[in-house]
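Coordinate inspection notes
Chain by chain, the residues:
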Amino acid sequence: MSREVSRDASLTPLRVDIIEDPPLRNSYEHFIDSATYDPNIPIAIDFGSYELRAGYTNISRPSHIFPNRFSKYRDRKTNKYLPCIGYDTWLDQTTRSQARSPFDGPLVVNWDMVEDILQYTFHHLGVQPDNGVTNPIIINEKLACLQSQRSNWYQTLFESFGVPKVSMAVEGMLAFYGHNGGSSTGIVIDCGYEDTNVIPIVEGQGMMLDAKRINWGGHSSIDYLSNLLYLKYPYFPTKLSYLQYEKMYKDYCYVSQDYETDIEGYLTLGNLENKNVVVEAPFVEVQAPQKSEEELRIQAEKRKESGKRLQEQARIKRKERLVQKREEYEYFSKVKEQLEGEPKKKVLAVLQSAGFDDERDFKKYLYNVQRSIKKAEALELSEAVDEAEEEENMEGKFDLVDIPDEQLNEEQKQEKKVQKLLKANYDARQKAKEEKERILKEVEEQKKKDEEWRSTDFNGWLKDKRNRLHDLMQKRKEKLKLKEDMKDRKSQVAQNRMKNLANLAEDNARGTKRTRQQATIDNDPNDTFGANDEDWMVYNDITQNPEALDEAIEDEYKEIVDLEGILLEYDPNFTEEDTLDAQYDWRNSVFHLFLRGPRPHDSENIHEQHQMHINVERIRVPEVMFQPILGGQDQAGITEICETIITKKFGSTPRNLSQQSLDMAKNVWLVGGNAQVPGLKSRVVKEFTEFLPSDTKINVNISEAPTLDVWNGMYRLANTEEDYQRTIVTSEEYDECGVDYLKEHKLSNVPYFE
């Protein structure tokens, strides 16, 4: 399921694929009519770690293919657990999610589960259970299968099911045999669900001493993809199932023909337009109840009234704090004037009695109070026009303020107190208005000077603006780096901050901590601290006050934007691409392209919150077959193993290949379910072409259904009487030789050489 969305009309619609679990089944696995049962026809069972394929060898296709999974369904009416196998586990969501495999990696570990699965298989094949399973069985085994695994298979088939004859063969050899018969030379690359095996074959005999196994298969690839996406989206709102990741791997991953080149240029806008895949996890979108226009109007009015009330409360508190800070500043300014020229010992005693630690402490306090007053006054300057009109209406209404109390009655005295408060507010606003006019006048004068400078010395003016912009950009980078360091507990900045906080807490415990910040006064004429504005950044103490750092970053950003606007207007060499916003554009962010693809991201959009962008993972996951180190496997890849086999084994050298090596290069087979990854065949051809001599003939083959190659080999073996008879282990041989008996033949783990 997919849909196309685009929030920007200038961009082409973006395709989004909805990743859902496969639908549940509503029917059971079919049964073969027992009336057609023939006890003499061999049954071929490809007992794979992903799927089980079974059928009679008188038919060229397996009759039953189902997942090799086992689960239990709880019947609530009878309170009993019913075994479910294969696709029958898909009849219920809970049963499917709890389904388990008898395999742990390439090894079978749960043999009770194996018995249940085989019984289920025989039952659906229509086998008559009266005298056990009377049909001969052909079954696969892993490359370099452990003796304990083979022994358990013999015990299960001969003792539990009473099978008369059993043939066991290596699954990669069976797949090659199904395509070439028993006398061909070549290489089979078995890309299985749990591992990948490379087996050289000479005249139908598997050269097991030169065969290699890579501990990587389809299961490993799916787990690797899920881990990569989990690291990429650690806060993804939905937990995806294994089947959803399996679908993503099968549908979107492919083998790159030149991995190093592709991965280097993958995260570019041009590549991502064609290669980025967007998948969306299904979710239930909760629709907010629709409100009528009248309800929305009433809600807006309530918000407006609430906002006005909060603004008024904040304005009153701000004025109270401003009055308090002005009084403190005036008082301590007089103290500073009185201490000028006094001995340092006396200055220190006076300051300590006032609650300061030293002279620097006092000066820092004064600086911060003055800075707070300026900010508060700037806010006062931005009073609304309606307040100014109200002030004009108030003028002339303070007639009782100058009249003595003796000449007023009680009611007039109360009115006089109200007028005094109103007049104080009126005077403060008038003073603020005058200050605003003064500041505006200074800004206009500075603007005129700047224009005169530009007209008389344009190059010097332009150089100054550019230098100022460069300095601001550098300071911004430093502050942003400092902000990131503050988030890291192990950074030096964060450790210093914690140390300072601990010292402050210790001072507080001793009763020496004050609520006010610190400052200094300095009577030393050689001390020039404070002459440079940058010195005062120490007193802002931004390593202990992240809010102050954010405020400084925001102020610098506004100044940078203003300078960029001037340069865009007057500097012909300064373009939009040189601006700060362009540098932080999502199109230039590799991190954004990696996480969100070639489109802007809307974090408020619930659909985009449930989306994953698969880009570099599409080629990185399958590449592990060629470079296992990418998946944490310290092994050689497919190409390196094949190169060693063809150019360094069987009497060959890289420059002079033997006839056996030449025959191998002409007969390479890719088998197994993981061989269906797009691009695998062409990549193997490319790799072989690079390490083989130029005149070597190369032929890499893959069937239309690689998952059926092993079963097709069983089918061909059962219908080739001479080869089949050499593979059979009868129940009499089992009783005589025991569970450790190994039948040696061309397709076994220990080949028989005539």
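Residues numbered from 1 in each chain as written. Predicted model: local features only at pLDDT ≥ 70, side-chain atom pairs only at ≥ 80, totals over all residues. Heavy atoms only, no water.

A closer look at the nonpolar core
Formed by 52 residues in total, the largest nonpolar core has its most connected members in Ile-187, Ile-189, Met-248, Val-279, Met-612, Leu-680 and Phe-688. When neighbours within four sequence positions are excluded, Ile-187 is seen to be in contact with Phe-176, Val-198, Ile-199, Pro-200, Cys-642, Ile-645, Ile-646, Met-664, Asn-667, Val-668 and Trp-669. One finds Ile-41, Phe-47, Tyr-56 and Ile-137 within the second-largest nonpolar core, a separate group that totals 35 residues. (Core = buried A, V, L, I, M, F, W, Y, C linked by side-chain atoms within 4.5 Å. Buried < 20%, exposed > 50% of the residue type's maximum accessible area, 1.4 Å probe, protein only. Contact = heavy atoms within 4.5 Å.)

Points about the packing of aromatic side chains
Applying the stated criterion across every chain yields a total of 19 aromatic pairs. Ring centres of Phe-122 and Phe-161 lie 5.3 Å apart, and the angle between their planes is 70 degrees; on these two criteria the pair is classed as edge-to-face. Of this pair, Phe-122 sits in helix H2 (residues 111-124) while Phe-161 sits in the loop between helix H3 (147-160) and strand S11 (165-170), and the two are 39 residues apart along the sequence. The same class applies to Phe-122 and to Phe-161, which are both buried. Plain terms: the ring middles of Trp-711 and Tyr-715 are 6.1 Å apart, the flat faces sit at 10 degrees to each other, and that makes the pair stacked. Of the two residues, Trp-711 and Tyr-715 both sit in helix H25 (residues 709-718), four residues apart, roughly one turn of that helix. Using a relative accessible area of 0% as the deciding quantity, one classes Trp-711 as buried. Grouping aromatic residues by their ring pairs yields a cluster made of Phe-47, Phe-103, Trp-111 and Trp-153. Over the ring of Tyr-570 we find Arg-454; its NZ or CZ atom is 4.1 Å from the centre of that ring. (Phe/Tyr/Trp six-rings, centres within 6.5 Å; stacked < 30°, edge-to-face > 60°. Helix = DSSP H or I, 4+ residues; strand = E, 2+ residues; numbered from the N terminus. Lys NZ or Arg CZ within 6 Å of the ring centre and 35° of its normal.)

Digging into H3
With 14 residues, H3 should reach 20 Å at 1.5 Å per residue; the first-to-last C-alpha distance of 19 Å fits that figure. Restricting attention to buried positions, one finds in H3 the residues Gln-149, Arg-150, Ser-151, Trp-153, Tyr-154, Thr-156, Leu-157 and Phe-158. After H3 finishes, the residue Gly-162 shows a positive phi value of roughly 65 degrees. (Expected span 1.5 Å × (residues − 1).)

Some thoughts on the packing of helix H22 (residues 638-648) against helix H24 (residues 680-691)
One can describe the packing of H22 onto H24 by two numbers: an axis separation of 10 Å at closest approach and a directional angle of 45 degrees. As judged from the angle between their axes, H22 and H24 are oblique. Relative to H24, the crossing made by H22 is right-handed. Contact residues: H22 offers Thr-639, Cys-642, Glu-643, Ile-646 and Thr-647, while H24 offers Glu-687, Phe-688 and Phe-691. Here the residues of the contact of H22 with H24 sort into four nonpolar, two polar and two charged. (Axes fitted to C-alpha atoms, helices over the stretch in contact; angles between N-to-C directions. Parallel < 35°, antiparallel > 145°, perpendicular 65-115°, else oblique. Left-handed = near helix turned anticlockwise from the far one by under 90°. Nonpolar A, V, L, I, M, F, W, Y, C, P; charged D, E, K, R; others polar.)

Overview of the side chain of Ser-333
Locating Ser-333 in the fold gives a position in helix H9 (residues 293-339). The buried category is assigned to Ser-333, whose relative accessible area is 17%. For Ser-333, the side chain forms a polar contact with the main-chain oxygen of Tyr-329, separated by 2.6 Å. (Polar contact = N/O pair within 3.5 Å; in protein donor to acceptor, adjacent residues only side chain to side chain.)

Here's the deal with a negative patch on the surface
A surface patch of like charges, here negative, comprises Glu-444, Glu-445, Glu-451 and Glu-452. For Glu-444, the location among the structural elements is in helix H13 (residues 410-456). (Patch = residues over 30% accessible without salt bridge, like charges linked within 9 Å, V, L, I, M, F, W, Y side chains within 5 Å. Areas by Shrake-Rupley, 256 points an atom, 1.4 Å probe, with all protein chains shown as cover. Salt bridge = Lys/Arg side-chain N within 4 Å of Asp/Glu carboxyl O. Lys, Arg positive; Asp, Glu negative; His and termini not counted. Charge placed at Lys NZ, Arg CZ, Asp CG, Glu CD.)

A short note on the pairing of strand S2 (residues 14-18)
The element S2 is extensively covered by neighbouring structure, given that four of its five residues are classed as buried. Examined bridge by bridge, S2 and strand S16 (residues 277-280) share three bridges and lie parallel to one another. When the sheet's bridge partners are listed, Val-16 is paired in S16 with Val-278. (Pairing = 2+ DSSP bridges.)

What about the sheet that holds strand S4 (residues 51-56)?
Strand pairing in a sheet relies on backbone hydrogen bonds, with the paired strands running either antiparallel or parallel. Pairing is mixed in the open sheet, where six strands are placed in the order S5-S4-S3-S10-S11-S20. Both edges of this open sheet fall to strand S5 (64-67) and strand S20 (728-730), since each of them pairs with a single strand only. For this sheet, the mean angle separating the axes of adjacent strands, direction not counted, is 20 degrees. Against the sheet, helix H4 (residues 171-180) contacts strand S10 (137-141) and S11, and its axis sits at roughly 90 degrees relative to S11.

Observations regarding the environment of Asp-550
The topology assignment puts Asp-550 in helix H17 (residues 546-570). Since its relative accessible area comes to 37%, Asp-550 is described here as partly exposed. With 70 residues separating them in the primary sequence, Asp-550 and Leu-480 have C-alpha atoms 9.0 Å apart.

Description of the pattern of salt bridges
All chains considered together, the criterion is met by 25 salt bridges. The closest approach of N and O atoms between Arg-466 and Asp-571, which form a salt bridge, is 2.6 Å. Highlighted residues: Arg-466 in helix H14 (residues 458-487) and Asp-571 in the loop between H17 and helix H18 (580-583), separated in sequence by 105 residues. We classify Asp-571 as buried; its relative accessible area is 3%. Several salt bridges share partner residues, and in doing so they unite Asp-46, Glu-51 and Arg-53 into one network.

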